[in-house]
Amino acid sequence: MKRKIVKKRAAEKPSKTLIGTTANKPAKAAKVAKIVGAGTDPKRVAAILAKLDQAYPEATCELKHENPFQLLISTILSAQCTDVRVNQVTQTLYKKYAGPEAFAYAHPSELEQEIRPTGFFRNKTKSIMGASKGILEKFNGQVPRTMEEILTLPGVARKTGNVVLGTAYGIPSGVVVDTHVIRLSRRLDLTKHEEPKKIELDLMRVIPKNRWIKFSHQLIWHGRRVCIARKPRCIDCNLESICYSKDKTIDS
Ligand code: SF4
């Protein structure tokens, strides 16, 4: 039988990751905590980051790619689809379509069938061909390096922009907010919002900028491996002592 969860706040030392952010700015930290929530105390955020580092030191994007353009296409394909399925499809897709030109002038019905296993294949075909044309016509064949520019490409929203800019170029443009990040950032009291844009703003306030890229990957890894949607594996979770989620499956 599930016992009552006892909430306790663990006293953790602040890590160096917060130096330069709210960790050494109590007034700012108080303001952020007031806006975002009490769970965003810098010491607690530092503890979360340290534990994520401990659990997932090598976390990175699981979409296979050899260049920024391939990552962009894979990210478009990953909407409502697993990375494993996308990687299966792109294994042959990238052999046939070598770059933006090949995708831009593809035969739409042919491309639709090739990406069909990823779902929403008609819309994805339009996005892929439109984005490829945009890259050729406006950006000289190169995936742009700013959020402002990348958002001009069809089918590209902030989530895709953050994945590509962060993983392919190492540019911390924001925090990737996918289904795992939405669920985990709420379970970990890093936001109270449900809308991806508002969640991202909250996370950009409480997570140090130099951690945005890695934090996104680590949270996604944790969401896939431990803090799963239907029944989180709290017994295997190293964040358990500082997690106060009502979804927890064990006492603390
Ligand atoms: S303790 Fe459970 S709910 Fe909290 S982060 Fe870990 S797996 Fe998720």
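We now turn to the structure provided with this report. (Residues numbered from 1 in each chain as written. Predicted model: local features only at pLDDT ≥ 70, side-chain atom pairs only at ≥ 80, totals over all residues. Heavy atoms only, no water.)

**A look at the overall build of the protein**
Right, on to step 1. On a plain count of helices and strands, the protein comes out with 12 helices and 0 strands.
Right, on to step 2. Helices (α) and strands (β) of the protein occur, in sequence order from the N terminus, as α-α-α-α-α-α-α-α-α-α-α-α.
Right, on to step 3. Taking all 252 residues of the protein together, 48% fall into the buried category.
Right, on to step 4. By sequence separation, contacts in the protein at least 24 residues apart represent 62% of the contacts at least 6 residues apart.
Right, on to step 5. When the accessible surface of the protein is summed, it comes to about 13300 Å², and 54% of that surface belongs to carbon and sulfur atoms. (Helix = DSSP H or I, 4+ residues; strand = E, 2+ residues; numbered from the N terminus. Buried < 20%, exposed > 50% of the residue type's maximum accessible area, 1.4 Å probe, protein only. Contact = heavy atoms within 4.5 Å. Areas by Shrake-Rupley, 256 points an atom, 1.4 Å probe, with all protein chains shown as cover.)

**What to know about the packing of helix H2 (residues 42-55) against helix H12 (residues 212-225)**
Right, on to step 1. Closest axis-to-axis distance for the H2/H12 pair is 10 Å, and the angle between their directions is 65°. Between H2 and H12, the crossing angle belongs to the class labelled roughly perpendicular. Classified by chirality, the crossing of H12 by H2 is left-handed. On H12, the residues touching Leu49, Leu52 and Asp53 of H2 are Lys214, Phe215, Gln218, Leu219 and His222. (Axes fitted to C-alpha atoms, helices over the stretch in contact; angles between N-to-C directions. Parallel < 35°, antiparallel > 145°, perpendicular 65-115°, else oblique. Left-handed = near helix turned anticlockwise from the far one by under 90°.)

**A word on the environment of Ser216**
Right, on to step 1. Mapped onto the elements of the fold, Ser216 is located in helix H12.
Right, on to step 2. Each residue touching Ser216, except ones within four places of it in the same chain, is listed here: Val175, Val176 and Val181.

**What about the environment of Arg44?**
Right, on to step 1. Its place among the elements puts Arg44 in helix H2.
Right, on to step 2. A relative accessible area of 7% places Arg44 in the buried class.
Right, on to step 3. Taking C-alpha positions, Arg44 is 9.9 Å from Cys243, a pair spaced 199 residues apart along the chain.
Right, on to step 4. Reaching out from Arg44, the side chain makes a polar contact with the backbone oxygen of Ile242 at a distance of 2.7 Å. (Polar contact = N/O pair within 3.5 Å; in protein donor to acceptor, adjacent residues only side chain to side chain.)

**Structural notes on the site of the ligand**
Right, on to step 1. Taken together, Arg187, His222, Cys227, Pro232, Cys234, Cys237, Glu240, Cys243 and Lys248 make up all the residues around the ligand.
Right, on to step 2. Of the residues assigned to the shell around the ligand, the class counts are 5 nonpolar, 1 polar and 3 charged. (Near = heavy atom within 4 Å. Nonpolar A, V, L, I, M, F, W, Y, C, P; charged D, E, K, R; others polar.)

As far as function goes, none of this settles anything; it's purely spatial.
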